[in-house]
Structure formats: structure tokens, C-alpha cells
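Structure at a glance
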Amino acid sequence: MDSLTAFAAIGLTAVTWDGSLTPAGGRAFRHALDYREPYCSMSEGEMIEMMDALLQRRRQIGNEPLMLEAAQALSPTQSLTAYAMASELMRSDGPYEASERRHLDHLALVLSISKPESDRIDSVFDLLHNHLALHSELQLV
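Every chain is numbered independently, its residues counted from 1 as its sequence is written. Local features in this predicted model are restricted to residues whose pLDDT is 70 or higher, and side-chain atom pairs enter the listing and the counts only when it is 80 or higher, whereas totals over whole chains, interfaces and linings include all residues. Each side-chain value is derived from all of the structure's non-hydrogen atoms; neither hydrogens nor water enter the calculation.

Notes on the confidence of the model for the protein chain
Definition in use: Per-residue confidence from the predictor is given as pLDDT, running between 0 and 100. Numbered from the N terminus, helices here are DSSP runs of H or I no shorter than four residues, and strands are runs of E no shorter than two.
Confidence along the protein chain averages 89 in pLDDT terms, with 92% of residues attaining 70 or more. Model confidence for the protein chain, summarised as mean pLDDT per element, is weakest for helix α8 (residues 130-140) at 54 and strongest for helix α4 (residues 63-72) at 97.

Structural data, given as C-alpha cells:
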């Protein structure tokens, strides 16, 4: 697996960590790639071909093995960026749930990212998406 495909595979495993790919998760994932080079320069056909191949691979081997396979193709810097993308994808719909937190902790381990480093990355998305938590609290009142 090349690093371009591996990076996208990490994003896919983040939005399908619970066994399903929701329309919102699919849109968020596509959006995460749309503005990132070289994905934004890919034709629609190239993007579809890559996504089809990743989805097929995921069906063949499962989410966890796909994540492990992808991690092996990424440099340390690419791993940090892939973790950040996964963290944002998982945080963008509200605070991390316990099962999401476990998935991210495992992803950090697979990508050889230290706990202080993954906590630092996650804290950025807590700040960026804090309004969601505040909004949720207001609705409960």
C-alpha cells in the first residue's frame, strides 16, 4: 500500500470504526480529503477508484487489519497527520464517546504516537469543536 492510499485508509477506519459508514461520516471523510494535496488534485474517477479499492480491502480483511496495514506505509510525520485527521473526524460530531476514545488510543498505539502527543492533538479538536459540547448542554437545560 502506498502512503497516499494508507493515509486515506486511516481516515476510512476512523469513520467506520463501529462497523458502519453513515452518510455524515462519509461526507466528513470526503471533506477531510477534498482540501488536502494531492487528493484535491485527483479526478473524480481517481478518487472513486481509490475509495472503491479501500472499501473492498476493508470488506476483505476488516477495519483493524486495514488500519495496521496502512500504518506500516506511513512515515512518522504522515502518521501524526493521519491521527489528527482521524481525531477530528471522530470529534466533529460531538465529544468523544468512550468507544471512540478507545479506538483513537488504539490508533495512536498502532501509529507509534505517544500518549502526550495524541493528547495534545486531541486537545486541539476539543477546542475547535467545543461549541458543539456547549450547544448540547444548552439543549439539555
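Topic: the nonpolar core
The condition is simple: By nonpolar core is meant a set of buried Ala, Val, Leu, Ile, Met, Phe, Trp, Tyr and Cys residues that side-chain atoms within 4.5 Å join together. When a residue's accessible area, from a 1.4 Å probe over protein chains only, is under 20% of the maximum for its type it is buried; when over 50% it is exposed; and in between it is partly exposed. Only heavy atoms matter for contacts: two residues are in contact if any of them lie within 4.5 Å across the pair.
Membership of the largest hydrophobic core comes to 38 residues, with the highest contact counts inside it found for Ile 10, Leu 33 and Met 50. Mapped by element, the contributors of at least two residues to this core are α1 (3-15), α2 (23-34), α3 (44-61), α4, α5 (76-91), α6 (98-110) and α7 (115-128). Here the element with the most residues in this core is α1; it accounts for eight residues. Non-local contacts of Met 50, meaning those with residues more than four positions away in its chain, are made with Leu 4, Thr 5, Ala 8, Leu 33, Tyr 39 and Met 42.

Points about the pattern of salt bridges
We apply this condition: Salt-bridge detection follows one rule: a side-chain nitrogen of Lys or Arg within 4 Å of a carboxyl oxygen of Asp or Glu.
Following the criterion strictly, the structure yields eight salt bridges and no others. Asp 122 is paired through a salt bridge with Arg 101; the nearest N and O atoms lie 2.8 Å apart. Taken together, the residues span a long stretch of sequence, with Asp 122 in helix α7 and Arg 101 in helix α6 at a distance of 21 residues. Owing to a relative accessible area of 22%, Arg 101 belongs among the partly exposed residues under this scheme. Across the pair Asp 105 and Lys 115 runs a salt bridge, and its minimum N-O distance is 3.6 Å. Of this pair, Asp 105 sits in helix α6 while Lys 115 sits in helix α7, placing them 10 residues apart in sequence. In this structure Asp 105 comes out as partly exposed when scored by relative accessible area, which is 32%. Residue Lys 115 is classed as partly exposed on the basis of its relative accessible area, which comes to 44%.

So, the environment of Leu 68
When you line up the elements, Leu 68 lands in helix α4. Taking the C-alpha atoms as reference, Leu 68 lies 13 Å from His 103; in sequence the two are 35 residues apart.

Concerning the environment of Glu 69
Inclusion rule: What qualifies as a polar contact is a pair of N or O atoms within 3.5 Å, subject to a donor-acceptor requirement within protein and to the restriction that residues adjacent in sequence count only when both atoms come from side chains.
Secondary-structure assignment places Glu 69 in helix α4. Residues Glu 69 and Met 1, 68 residues apart in the sequence, show an inter-C-alpha distance of 7.6 Å. For Glu 69, the side chain forms a polar contact with the side chain of Arg 57, separated by 2.7 Å.

Brief notes about the packing of aromatic side chains
Worth spelling out the cut-off: Working definition: a ring pair exists when centres of Phe, Tyr or Trp rings (six-membered ring for Trp) sit within 6.5 Å. Plane angles under 30 degrees give stacked, over 60 give edge-to-face, the rest tilted. For a Lys NZ or an Arg CZ to count as sitting over a ring, it must be within 6 Å of the ring centre and within 35 degrees of the ring normal.
Across all of its chains, the model carries one aromatic pair by this definition. Over the face of the ring belonging to Tyr 96 we find Arg 91, whose NZ or CZ atom lies 6.0 Å from the ring centre. Over the ring of Tyr 96 we find Arg 101, and its NZ or CZ is 5.1 Å from the ring centre.

A closer look at α7
Three or four residues apart is the spacing at which side chains of an α-helix point the same way, because the helix has 3.6 residues per turn. To keep it simple, the criterion reads: Expected span of a helix: the number of residues minus one, times 1.5 Å.
Taking 1.5 Å of rise per residue, the 14 residues of α7 would be expected to cover 20 Å, and the 20 Å separating its terminal C-alpha atoms lies within 8% of that figure. Buried-residue contacts for α7 involve α5 and α6.

As for α3
Going by this rule: Arc definition: it is the arc formed by the directions from the helix axis to the C-beta atoms.
Over its 18 residues, α3 extends 26 Å from the first C-alpha to the last, a length consistent with the 26 Å expected when each residue adds 1.5 Å. Regarding α3, the residues found buried are Met 47, Met 50, Met 51, Leu 54 and Arg 58. For α3, the arc enclosing every buried residue in end-on projection is 95°, short of the 170-degree limit, so these residues lie on one face. Of the residues in α3, the exposed ones pointing more than 90 degrees away from the buried face are Glu 49, Arg 59 and Gln 60. Its buried side turned inward, α3 meets α1, α2 and α4. Just downstream of α3, Gly 62 is the residue with a positive phi angle, here 100°.

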